[in-house]
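Read off the chains here:
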Amino acid sequence: MSFLKKITTAAVLAFGVTAAPASAQELKIGLITPPPHQWTRSAGHLAERLAAESEGRLKLSVFPAGQLGSEAQMLQQLQSGALDLAFMTVGEFANRDEEFNILVAPYLVETAEQAAKLLEGPTAAALQGKLGKLGLKGLGFGMAGMRIVLLSQPLGEEGTVKGRKIRTVPLASELDFWSMAGAAPTPLPLPDLFDSYANGQIDGMQLDLEGTFNTRYYDYSKAVLNSRHMIFPMVAVASGRKWQSLSEADRALIERLVAEETAAIRAAYPKIDADYAAKLAGAGVQVEEAGPEIFGSAVASWYETWRAKTPRLTELEAEAKALRGN
Ligand code: 3HB
């Protein structure tokens, strides 16, 4: 073997580089979640599978932690074709189409298993069908863990979140819910959350067990309340513009692999929630059970308002009721 060939072989072994065909197409996926988050791991897994199954023709680069900007900016990039794929929260969709708000209705379901099933149901499919008018191609729903509440100070005597400044996702229905609970909702996207909490600009947040452990929000919290009060869907989308330019075979491949990835995410979250509950317990964090009473009368008020605003909510409630079996 020539010296040059030896060096090249060594480099390939060292960096695991496989020669991409000359026609390799570069695709980008954007997310706001940090590297340890399941959505980011799943995006990495999708990249590996796309490379393998397209035999190196499709190369997907992953941009986590809001590297490409906020979700509002990512949505614009998807619409212009500057970004190819994204795993997004429902925030930006809800801001453009009121019906997406219903996915975060309080206490729709009781478990992450039921949340996964709800996101496989007809109402979720109907909402996915509406993404086309936003210049996107919907590729399926993933999810994160059930929502919990963290507070920098314990619940007071009255046992509610009233009067606290609480971080929400920038989403009308969540703002409404917290206002109805007598709190002061403060919309903050995930990448901006740590500094605001650590600096005391907010008194609490709604998040999930995964983020609580990975970002060590428990260090700043006197109460970690396992309220499981909402589900938290993820929407996998492609740029509609980019989609048009792909070959039929590539579209079919991407569609299949993203559907498999989102299905794996939905299936994984019951265990992810349980694993992070165990990790928090292992770190000595006391996670308390908390029921809807911590929100005062917000649940009833929220349904009254949002049933009138979005008739489709009633359909989703019926699906959820059947899943809960109560
Ligand atoms: C959030 O609370 O903003 C959030 C949480 C996730 C994933 C994405 C966003 O687990």
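Residues numbered from 1 in each chain as written. Predicted model: local features only at pLDDT ≥ 70, side-chain atom pairs only at ≥ 80, totals over all residues. Heavy atoms only, no water.

The line we're drawing: UniProt positions are given in the numbering used here, feature names are shortened, and annotations may be inferred rather than shown by experiment.
Within an unreviewed UniProt entry, the label attached to the chain reads TRAP transporter substrate-binding protein, and the organism entered is Falsigemmobacter intermedius. What UniProt records for the chain under Subcellular location (unreviewed entry) is the sentence "Periplasm".

### Looking at the overall build of the chain
Rule in force here: By the criteria applied, helices consist of DSSP H or I runs no shorter than four residues and strands consist of E runs no shorter than two, each listed in order from the N terminus. A simple rule labels every residue: compare its accessible area, found with a 1.4 Å probe on the protein chains alone, to the largest value its type can have, and call it buried under 20%, exposed over 50%, or partly exposed in between. Residue contacts are counted whenever heavy atoms from the two residues lie within 4.5 Å of one another. Residue exposure ignores everything except the shown protein chains as possible cover, and the areas themselves are Shrake-Rupley values with a 1.4 Å probe. For the purpose of charge, His is not counted, nor are the chain termini; Lys and Arg are scored as positive and Asp and Glu as negative. Throughout, a charge is located at the NZ atom of Lys, the CZ atom of Arg, the CG atom of Asp or the CD atom of Glu.
A count of helices and strands for the chain gives 13 helices and 11 strands. Seen through its principal axes, the chain has C-alpha atoms that stretch 80 × 45 × 35 Å. When the 326 residues of the chain are sorted by exposure, 49% land in the buried category. Within the chain, contacts between residues at least 6 apart in sequence are counted, and of these 77% link residues at least 24 apart. By element, 54% of the accessible surface of the chain is carried by carbon and sulfur atoms, the whole surface being about 14200 Å². Positive and negative side-chain charges in the chain, numbering 32 and 37 respectively, have mean positions lying 5 Å apart.

### Quick notes on the site of the ligand
The condition is simple: Whether a residue is near a molecule or strand depends on its heavy atoms: it is near if one of them lies within 4 Å of it. Here a polar contact is taken to be a pair of N or O atoms separated by no more than 3.5 Å, where protein atoms must pair a possible hydrogen donor with a possible acceptor and residues adjacent in sequence count only if both atoms sit in side chains.
The local shell around the ligand consists of Thr33, His37, Trp39, Thr89, Ala144, Arg147, Arg167, Val169, Leu190, Leu207, Asp208 and Phe232. Contact distances for the ligand include 2.7 Å between an oxygen atom and a side-chain N or O atom of His37. One nitrogen or oxygen atom from the side chain of Arg167 is found 2.7 Å from an oxygen atom belonging to the ligand. In the complex, the protein chains occlude 98% of the 280 Å² of accessible area that the ligand would expose alone.

### Structural notes on the nonpolar core
Spelled out, the test is: In this description, a nonpolar core means a group of buried Ala, Val, Leu, Ile, Met, Phe, Trp, Tyr and Cys residues linked to one another through side-chain atoms lying within 4.5 Å.
The biggest cluster of nonpolar side chains holds 99 residues, and the ones touching the most others in it are Phe87, Phe93, Val237, Ile254 and Phe295. The biggest single contributor to this core is helix α11 (residues 248–282), with 9 residues. For Val237, the residues in contact, after removing those within four places along its chain, are Leu78, Asp84, Leu85, Ala86, Met88, Phe93, Leu131, Leu136, Lys137, Gly138 and Leu139.

### What to know about α11
Two residues of an α-helix separated by three or four positions point the same way, owing to the 3.6 residues in each turn. So the rule is basically this: Given the number of residues in a helix, its expected span is that number minus one, multiplied by 1.5 Å. Bend, in this description, refers to the angle at a residue between axes fitted to the seven residues ending there and the seven starting there.
The first and last C-alpha atoms of α11 sit 49 Å apart over 35 residues, in line with the 51 Å expected at 1.5 Å per residue. Along α11, the largest kink reaches about 40° and is centred on Tyr269; proline Pro270 follows within four residues of it.

### Some points on the pattern of salt bridges
Short version of the rule: We define a salt bridge as a contact between a side-chain nitrogen of Lys or Arg and a carboxyl oxygen of Asp or Glu at a distance within 4 Å.
Throughout the structure, instances matching the rule amount to 19 salt bridges. When the shortest N-O distance is used, the salt bridge between Arg57 and Asp250 registers 2.7 Å. One end of the pair, Arg57, is in the loop between α2 (38–53) and β2 (58–63); the other, Asp250, is in helix α11, and 193 residues separate them in sequence. For Arg57, a relative accessible area of 31% translates into the label partly exposed. A residue is classified by how much of its surface remains accessible, and Asp250, at 6% relative accessible area, is buried. Of the charged contacts in the structure, one is a salt bridge between Lys271 and Asp275, with a shortest N-O distance of 2.9 Å.

### Regarding the environment of Leu151
Among the structural elements, Leu151 can be located in strand β5 (residues 148–151). Filtering out sequence-adjacent residues up to four positions away, Leu151 remains in contact with Arg164, Ile166, Tyr197, Asp203, Gly204, Ser221, Lys222, Ala223 and Leu225.

### Some words on unusual backbone geometry
We note that Glu55 has phi near 55°; this positive angle belongs to a residue other than glycine. For Glu55, the location among the structural elements is in the loop between α2 and β2. For Arg216, which is not a glycine, the phi torsion comes out positive at approximately 55°. By secondary structure assignment, the location of Arg216 is in the loop between α9 (209–214) and β9 (223–226).

### Here we look at the packing of aromatic side chains
As a reminder of what qualifies: Each pair of aromatic rings taken from Phe, Tyr and Trp, with Trp reduced to its six-membered ring, is defined by centres within 6.5 Å and is described as stacked if the planes are under 30 degrees apart, edge-to-face if over 60, and tilted in the remaining cases.
For the structure on display, the rule yields 14 aromatic pairs. Both rings, one in Phe194 and one in Tyr217, keep their centres 6.0 Å apart while their planes meet at 40°; by these two values the pair is tilted. One end of the pair, Phe194, is in helix α8 (residues 193–198); the other, Tyr217, is in the loop between α9 and β9, with 23 residues separating them in the sequence. Ring geometry for Trp302 versus Trp306: centroids 5.7 Å apart, planes at 15°, classification stacked. One end of the pair is Trp302 and the other is Trp306, both in helix α12 (residues 298–309) and 4 residues apart, which spans about a single turn. Trp306 shares its class with Trp302; the two are buried.

### Some words on the sheet that holds strand β1 (residues 25–30)
Put simply, the rule reads: Strands are labelled as partners when DSSP assigns at least two bridges between them. As a rule, the C-alpha atoms of each element are fitted with a line to give its axis, helices using only the stretch in contact, and angles between N-to-C directions run from 0 to 180 degrees.
Strand order in the open sheet formed by 5 strands is β2-β1-β3-β10-β4, and the pairing between neighbours is mixed. Each end of this open sheet is capped by a strand with a single partner; those strands are β2 and β4 (136–143). Strand-to-strand twist in this sheet, taken as the mean axis angle between neighbours without regard to direction, amounts to 20°. As defined by bridge partners, β1 adjoins β2 across 6 bridges and the pair is classed as parallel. Across the sheet, Gly30 pairs through a bridge with Phe63, a residue of β2. Across the sheet, α2 lies against β1, β2, β3 (85–88), β4 and β10 (233–239), angled at about 165° from β2, the strand it touches most. Each of β1, β3, β4 and β10 touches helix α3 (residues 71–80); the most contacted strand, β3, lies at about 150° to it.

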